[in-house]
Amino acid sequence: MSTVSRLIPYITAREGEEPESILALRATFDGAGRSALGYWDESREDRDPRGVLWGRCSQLIGLDGLPSGRPQWRLIHPARQRETMTRLHCQICASPTRTPEGYPFLAHATKDVPQPGDILRTAQPPVCLAHVRVAVE
């Protein structure tokens, strides 16, 4: 009987990677009275250029520089998601995804077909052409 190894996407969380405690969070208010969530000891690295707060989570990195540990298939690691979204790298292998036509993103099937010029939003990083099929599966 042969064993087929399953490709583990780069953004997949791993056992042993722990999110920051909820006790590290606090609510703040700006001058207009709008509330915002932040960390007690927040630094510039906690937010992206748009001011979005990203979750903190430990990382288990192997000697090869890649994530290690058993995959938690339904969970995405926030720092690796942010990295791949910011750099427009593949969610599977973390390599660049640019093609002559742009960046390939996967969209959930809907009954409405997007039209040229439509704005689509996603939390999923792009995928390189080599991993499109794997990402769909």
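The following refers to the structure shown. (Residues numbered from 1 in each chain as written. Predicted model: local features only at pLDDT ≥ 70, side-chain atom pairs only at ≥ 80, totals over all residues. Heavy atoms only, no water.)

## Observations concerning the overall build of the protein
So, point 1. Per the secondary structure count, the protein includes two helices and four strands.
So, point 2. Written out in order from the N terminus, the α and β elements of the protein read β-β-β-β-α-α.
So, point 3. For the protein, the spread of C-alpha atoms along the principal axes amounts to about 60 × 45 × 25 Å.
So, point 4. Residues counted as buried form 25% of the 137 residues belonging to the protein.
So, point 5. Placing the 17 positive and 16 negative side-chain charges of the protein at their respective mean positions leaves the two points 3 Å apart. (Helix = DSSP H or I, 4+ residues; strand = E, 2+ residues; numbered from the N terminus. Buried < 20%, exposed > 50% of the residue type's maximum accessible area, 1.4 Å probe, protein only. Lys, Arg positive; Asp, Glu negative; His and termini not counted. Charge placed at Lys NZ, Arg CZ, Asp CG, Glu CD.)

## Some thoughts on the side chain of His89
So, point 1. Summarising the element assignment, His89 is placed in the loop between α1 (78-87) and α2 (132-136).
So, point 2. Residue classification places His89 among the buried positions, given a relative accessible area of 18%.
So, point 3. For His89, the side chain forms a polar contact with the main-chain oxygen of Ala94, separated by 3.0 Å.
So, point 4. With residues near it in sequence (within four places) discarded, His89 still touches Thr84, Ala94, Ser95, Pro96, Thr97, Pro125 and Pro126. (Polar contact = N/O pair within 3.5 Å; in protein donor to acceptor, adjacent residues only side chain to side chain. Contact = heavy atoms within 4.5 Å.)

## Thoughts on the pattern of salt bridges
So, point 1. Scanning all chains against the criterion turns up seven salt bridges.
So, point 2. Residue Glu15 pairs with Arg70 through a salt bridge whose shortest N-O separation is 3.9 Å. Here Arg70 lies in the loop between β3 (35-39) and β4 (71-76) and Glu15 lies in the loop between β1 (12-14) and β2 (25-29), a separation of 55 residues in the sequence.
So, point 3. Classification of Glu15 as partly exposed rests on a relative accessible area of 41%. (Salt bridge = Lys/Arg side-chain N within 4 Å of Asp/Glu carboxyl O.)

## Some remarks on the pairing of β3
So, point 1. Where β2 and β3 come together, five bridges link them in antiparallel fashion. Its bridge partner lying in β3, Phe29 is registered against Ser35.
So, point 2. Linkage of β2 to β3, two consecutive antiparallel strands, is achieved through a turn of five residues, within which Gly33 is found at a positive phi near 85°. (Pairing = 2+ DSSP bridges.)

## Brief notes about the environment of Thr86
So, point 1. Relative to the elements of secondary structure, Thr86 occurs in helix α1.
So, point 2. In sequence terms Thr86 and Ser68 are 18 residues apart; their C-alpha atoms lie 22 Å from each other.
So, point 3. A distance of 2.8 Å separates a polar side-chain atom of Thr86 from the backbone oxygen of Arg82.

## What to know about unusual backbone geometry
So, point 1. Here Leu88, not a glycine, exhibits a phi torsion of approximately 55°, which is positive.
So, point 2. Position of Leu88 among the secondary structure elements: in the loop between α1 and α2.
So, point 3. Given a relative accessible area of 24%, Leu88 falls into the partly exposed group.

Such coordinate-based values are descriptive only and should not be taken to indicate function.
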